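Close look at the chain arrangement
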There are 4 protein chains.
Amino acid sequence: MGSSFGKLFRITTFGESHGGGVGVVIDGCPPRIELSIQDIQHELDRRRPGQSKLTTQRAESDRAEIFSGTFEGRTLGTPIMIMVRNEDARASDYEPNKDIFRPSHADYTYQAKYGIRSWKGGGRSSARETIGRVAAGAIAKKILAAHGIAIHAWVSRVADLGCTVDPTQVTQQAIEATPVRCPDADAAKAMIALIEKVKSEGDSVGGTVDCVALGVPVGLGEPVFDKLEADLARAMMSLPASKAFEIGSGMEGTHLRGSEHNDEFYMEDGRVRTRTNRSGGVQGGISNGEPILLRVGFKPTATILRAQNSVDEQGTARELQSRGRHDPCVLPRAVPMVEAMAALVLCDHLLRQIALKGAAGGTA
Amino acid sequence: MGSSFGKLFRITTFGESHGGGVGVVIDGCPPRIELSIQDIQHELDRRRPGQSKLTTQRAESDRAEIFSGTFEGRTLGTPIMIMVRNEDARASDYEPNKDIFRPSHADYTYQAKYGIRSWKGGGRSSARETIGRVAAGAIAKKILAAHGIAIHAWVSRVADLGCTVDPTQVTQQAIEATPVRCPDADAAKAMIALIEKVKSEGDSVGGTVDCVALGVPVGLGEPVFDKLEADLARAMMSLPASKAFEIGSGMEGTHLRGSEHNDEFYMEDGRVRTRTNRSGGVQGGISNGEPILLRVGFKPTATILRAQNSVDEQGTARELQSRGRHDPCVLPRAVPMVEAMAALVLCDHLLRQIALKGAAGGTA
Amino acid sequence: MGSSFGKLFRITTFGESHGGGVGVVIDGCPPRIELSIQDIQHELDRRRPGQSKLTTQRAESDRAEIFSGTFEGRTLGTPIMIMVRNEDARASDYEPNKDIFRPSHADYTYQAKYGIRSWKGGGRSSARETIGRVAAGAIAKKILAAHGIAIHAWVSRVADLGCTVDPTQVTQQAIEATPVRCPDADAAKAMIALIEKVKSEGDSVGGTVDCVALGVPVGLGEPVFDKLEADLARAMMSLPASKAFEIGSGMEGTHLRGSEHNDEFYMEDGRVRTRTNRSGGVQGGISNGEPILLRVGFKPTATILRAQNSVDEQGTARELQSRGRHDPCVLPRAVPMVEAMAALVLCDHLLRQIALKGAAGGTA
Amino acid sequence: MGSSFGKLFRITTFGESHGGGVGVVIDGCPPRIELSIQDIQHELDRRRPGQSKLTTQRAESDRAEIFSGTFEGRTLGTPIMIMVRNEDARASDYEPNKDIFRPSHADYTYQAKYGIRSWKGGGRSSARETIGRVAAGAIAKKILAAHGIAIHAWVSRVADLGCTVDPTQVTQQAIEATPVRCPDADAAKAMIALIEKVKSEGDSVGGTVDCVALGVPVGLGEPVFDKLEADLARAMMSLPASKAFEIGSGMEGTHLRGSEHNDEFYMEDGRVRTRTNRSGGVQGGISNGEPILLRVGFKPTATILRAQNSVDEQGTARELQSRGRHDPCVLPRAVPMVEAMAALVLCDHLLRQIALKGAAGGTA
């Protein structure tokens, strides 16, 4: 269960690391949107392994196929199925350790929950599952773009190395300028050096991804459980390796006094604005028209090339020595995932708000 | 929309700050559970205003009524409706400022979204909405307790004042020993002093609530979007004033190397355990049998008794001067809310896992 | 579980025959709709017992209260809770037979499913549960009326006594002209005589209710599982005592050849019309702009004042002799229930289609 | 929207008649169930066109692929994706009439709803969509069989030709003995003759499919909106060409008196039974342990090889003359669809009841 996300723009992902492949069904995409495989492939290429020396060398080309839901290059309004076949199914890498529970991986919990698991590459817990999210997110981004909404995410910190970025000025070009996807060039350089060093040590490193959504209209989100920040939090905390979520001023803001933290309102060009944006673009669960600002913390990758103590399926103490490919830092590849999840949440709430406004006579 | 939460143990809250009252419908509560009004009232009393000088003096007795779903003191398996009538509807407090958007409140976004709002005490955005959650959470706690699961939350930081607490040893008695609900007595004293000072200045202060769930069996949670930490994040970020969520090592863990962060497995009494618990009791979205540890950051209360700049419904610049009662620190009252939300998530996932195990032949 | 209905206009009912009362929460009602208690009460009065000698004499006044979700006479866009307290809780009527399973009632299945049941008046299986549906349906009707959609239901057959009615010409006035709610005056007279006779014999009688929705725009409904007729079928078959559902030509149409059954298209006033309406206003699950026609079959009421063989909770053969009040024919009171359920389905699909059109650029 | 069905055993279908193909994602299938492609293919072969001269000659082999969710021949508990590629995409058949709305098809309503449609073979409204349902139903049947539940459907009437069948004695062998899938051999012969005659006339014919579920335990189903018969009704009325649904005594029962219709209880082998089964195995929405009996009415196929009047997309009157292949009677191929939908409903409710019982301490 739990492989679906969204209410009106609803996706269901499927697939494991090894086996036929992975993919997604999108139910609720509006009709008549121009959609080509390039729209999807571009985002998948940002996510796929092997795109730079910073990431795992698993050689998946991740070629997507739009299987259903389009006709003569446009969406039909019916379910869009997109899939990617697995290629580099080097299961033999996993064979020697197949009955050992890898520390901080999902091997043990899957085995305990289901009484069965695919020990090949993590099965459903593999980051390959996010291919479906990124593919669906590409469509959501197109819909949002048509409504003037842009989403950018970037690596804002690797271990202790932060950066200096104005969220409202960041560009995709600057983000994509380096393989680490930090738009602050100096910081990016230092981050790359650190990741290479950590990789050479067979170790891994974590950090944060920041995300901004610009052009979001006032009114997206719901008052109670489906608050915009609640749905964003769920979206981000459902990504592999995420450990923390912040909206607006986040944890830092909890150190302030109310008199320091409140965002005063003023008028600008006939529009209600806030002087500061500690709310992160959301008040009472509903977007207020300011940029939506969020941050996601990712732990260091669990796969390391060092000996670790563990146990196997029989309950025997075992030493685990992973070999071969590993991804020393999930952050650069997490950037398109964070963008995709943000896009999915905003697209869903955009459709919900369109429904509400239409039903209320168009004047809400 | 968005007033429902949970899949098998599903609640729907209703009500505003002023008007008839607030409440909740719980659909999916198992039958034959002993349930008395005292079970509910006890938790509501921990949440209600006026319980100490640290909180708002709004004098609501918050007397709950179980309207449906029980018979001769036990649950029927049919929807349980619990409601609390509003009493202290001192709407006149809000009259003078009724058309001014209070900074960092939901006045503006509600008005923009709906084209109408109850200006009396925040309407649906009032923390009174959480009465329904706390009432439902009281039932969830009973169910969890019958399965050996206990949940404790406490104030772990007020502004810059932290505390020293062993999450696995904390008791409800220690938490309830002081009105600030911090089980570290020395820290509690300092926190109380700070809150009183801030109150006297007409200002407010934020901080963090920590929460632990003990006795959680292995296997709760789902692999992808309904990861346990994702549902917990949504639950907590749907609480008024929450700005940040962390599971396990949280943001701090993102500064570590993988070799420092991984939780090694070992056997203890025939059971798989982890030496450390940076995972916070959840791996791959599924509980691993260790204590579940989470943290929620709450911003300083938006209502302060100081002049603030704002605008009104007509788009005119206005100075807002709030008067009367205010809650200088939401944290002590947030403790039962955090417990309730954690209980609702765990109870729902417990039922889901019971379904899975039963369907798989009882051996999963 | 299963006490909720609808996707965007979503209701949750609660309550039992005896106990606090019954009611409904409506989540997703558009904001700014004028709503008074009279809007609700009018429909409840059509549903309540004791309104004529044809129905049960249980003396419930069924006074509704709008508990939340409105402000100054208009909807807020937040959950509307409406409730009716139980009054005539003559539980003693049920005491003598409390451990006997009444034939064709839900006593046995509830007991088997839950291991507990309220033996007072059927508990949750009582038709009193439909109060919440009718109350919510009253609001749905208001929304539909604002979009030019009208719904009428009437008793079309009692046992073997049918009637002659043109569905497109039927009026509420004609329906309400007699207590049997059949707009064909002659047929109504015969039906009333039959029901009175059956009542005097301590027996009961079934029949059919027909329903038409006029003014439904083209495009409501979804292609696959949420076909308009599928949702209508579920809605109607969820009513107490319903045994059959037909759309358009229904069972009769299955005797025809395709060449006799197909609805040919033609143009009228620039609009696509069908010459015949065997489709019942729905093609491929989606409304085609013609009147929506459906029929619901209701079995004879299970409660009869005659001795019946049965067993009790202990598995002992027992003779059941019901006494006191009984409803010899559910049909007249089912009319507002059928209208309410039809309104709920159409209102939900109207909001869904508004969302789709808005998202597709308003031109769908 | 609306391409998903079920709550715990949840399927999502995708695909159109022409394009990549069709398929299904099943989320919530229990783990460790043995599953081979033969389990699926067997049911698909019963559904596919060209299996006998009674059905359309469209030559699809409908070879299924299990793309995800299994490992070493057993289910993983993660989403199972099954797909069938389209082969016989003879779109040219549809080219000449591509802008004409075929009477009683979904061409007009799809065009009106979406502003776009695949005119090739009906697109999403094609009966090919049911491939995903039948594939998922095959898995549901396996799960049900392991719990002692068997489902049989058969053609019970073609036009005016009925049959004599004891639902509790019917076998798959008897059903599959003739291409018309009526287990009454004499009736089958007559039905085949009629269908062949109608086919030779370029016309089509409707009728009914009956379905029985044997071995269903007491307690499946929910009291209010998710009544077992309500979910079954929605399931059946979501099948292409269905016009009517009956449970138990159905429409016929509505002509009886309560004293004739009620099912008296008695004890047999320590178990509560009913003397008659006019309830059709469901009381108050919940299964009572007796055979579940339902009937679905299907209209005559809309595609006929005769000239019909219609209009085109431009609103011009046009004569439609369909040529080539057509299915003169949908009923034989509807049999596996009805079985699949019944299996999906019962499997979902079985898992729900397992959850309820487990949560209530196993004694419910």
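For the structure, check the block above.
Remember, predicted model here, so these are calculated numbers, not experimental data.

Bringing the overall build of chain A into the picture now. When its secondary structure is counted, chain A shows nine helices and 18 strands. Taking 2.2 N^0.38 as the reference for a compact globule, 364 residues should give roughly 21 Å; the C-alpha atoms of chain A span a radius of gyration of 21 Å, in line with that estimate. Looking at chain A residue by residue over its 364 residues, the buried ones come to 67%. About 10800 Å² of surface is accessible on chain A, with carbon and sulfur atoms providing 48% of the total. Separation between the mean location of the 44 positive side-chain charges and that of the 44 negative ones in chain A comes to 3 Å.

The next thing to look at is the sheet that holds strand β3 (residues 21-27) of chain C. Residue and element names in this part refer to chain C. Taken together, the five strands give an open sheet; going across it, the order is β1-β2-β3-β7-β4, and neighbouring strands pair in antiparallel fashion. The open sheet has two edge strands with one neighbour each: β1 (4-5) and β4 (64-68). In the sheet, β3 pairs with strand β7 (residues 80-85) via six bridges, with the strands oriented antiparallel. Bridge assignment links Gly23 to a residue of β7, and that residue is Met83.

Quick look at the interface of chain C and chain A now. Counting residues at the interface gives 14 residues for chain C and 14 residues for chain A. Note on chain C versus chain A: buried area summed over both sides is about 1300 Å², and carbon and sulfur give 70% of it. Ranking the residues of chain C by area buried against chain A places Lys7, Arg32 and Ala359 of chain C at the top, with a combined share of 33%. Summed over the shared surface of chain C and chain A, the result is zero salt bridges. Our enumeration of links across chain C and chain A arrives at three residue pairs in polar contact (both at pLDDT 80 or more). Across the side of chain C that touches chain A, the residue classes tally to 10 nonpolar, two polar and two charged.

All names here are of chain B. Going through the model one piece at a time under the given rule, you end up with 28 aromatic pairs over all chains. Each ring, one from Tyr110 and one from Tyr114, has its centre 5.8 Å from the other, and the planes form 65 degrees; the classification is edge-to-face. Pair noted here: Tyr110 and Tyr114 are both in helix α2 (residues 107-114), with a separation of four residues, about one helical turn. Comparing Tyr110 with Tyr114 shows no difference in burial state: the two are buried.

Side-chain pairs of opposite charge can arise whenever the charged atoms involved come near each other. Applying the stated criterion to the full structure yields 119 salt bridges over all chains. As a salt-bridge pair, Asp226 of chain C and Arg234 of chain D come within 2.5 Å of each other at their nearest N and O atoms. Here Arg234 of chain D lies in helix α6 (residues 228-237) and Asp226 of chain C lies in the loop between β10 (207-214) and α6 (228-237), a pairing that spans two chains. A relative accessible area of 9% means that Asp226 of chain C is categorised as buried. On the basis of relative accessible area, Arg234 of chain D is assigned to the buried category, the value being 14%. Counted as one network, the salt bridges with shared partners bring together Glu43, Arg46, Lys141, Glu176, Arg181 and Glu339 of chain A.

Okay, the relation of the copies chain C and chain A next. You can overlay chain C on chain A at an RMSD of 0.0 Å; the transform is a turn of 180 degrees with a shift of 0.0 Å along its axis. Taken together, the rotation angle and the small translation identify this as a two-fold axis. If distances are taken from each C-alpha of chain C to the rotation axis, the shortest is found for Ala355 of chain C, at 2.0 Å.

It is worth spelling out the sheet that holds strand β8 (residues 150-158) of chain B at this point. In space, the 10 strands of this open sheet follow the order β9(A)-β8(A)-β10(A)-β16(A)-β11(A)-β11(B)-β16(B)-β10(B)-β8(B)-β9(B), with antiparallel pairing throughout. Sheet topology places β9 (161-162) of chain A together with β9 (161-162) of chain B at the edges, where each strand pairs with a single neighbour. Sheet topology note: the β8 of chain B/β9 of chain B ladder contains two bridges and is antiparallel. Looking across to β9 of chain B, one finds that Arg157 of chain B is bridged to Gly162 of chain B. Packing against the sheet, helix α6 (residues 228-237) of chain A makes contact with β11 (242-247) and β16 (292-298) of chain A together with β11 (242-247) of chain B, and its axis sits at approximately 160 degrees to β11 of chain A.

What follows covers the relation of the copies chain A and chain B. Aligned on chain B, chain A shows an RMSD of 0.0 Å; the corresponding rotation is 180 degrees and the shift along the axis is 0.0 Å. Of all interface residues in chain A, 100% are interface residues in chain B too; the two copies therefore contact each other through one and the same surface.

Conventions adopted
Residues numbered from 1 in each chain as written. Chains lettered and ligands numbered in written order. Predicted model: local features only at pLDDT ≥ 70, side-chain atom pairs only at ≥ 80, totals over all residues. Heavy atoms only, no water. Helix = DSSP H or I, 4+ residues; strand = E, 2+ residues; numbered from the N terminus. Rg over C-alpha atoms; globule rule 2.2 N^0.38 Å. Buried < 20%, exposed > 50% of the residue type's maximum accessible area, 1.4 Å probe, protein only. Areas by Shrake-Rupley, 256 points an atom, 1.4 Å probe, with all protein chains shown as cover. Lys, Arg positive; Asp, Glu negative; His and termini not counted. Charge placed at Lys NZ, Arg CZ, Asp CG, Glu CD. Pairing = 2+ DSSP bridges. Contact = heavy atoms within 4.5 Å. Buried area = accessible area lost by both parts, 1.4 Å probe. Salt bridge = Lys/Arg side-chain N within 4 Å of Asp/Glu carboxyl O. Polar contact = N/O pair within 3.5 Å; in protein donor to acceptor, adjacent residues only side chain to side chain. Nonpolar A, V, L, I, M, F, W, Y, C, P; charged D, E, K, R; others polar. Phe/Tyr/Trp six-rings, centres within 6.5 Å; stacked < 30°, edge-to-face > 60°. Least-squares fit on C-alpha atoms with pLDDT ≥ 70 in both. Axes fitted to C-alpha atoms, helices over the stretch in contact; angles between N-to-C directions.

Honestly, it's all geometry; don't read function into it.
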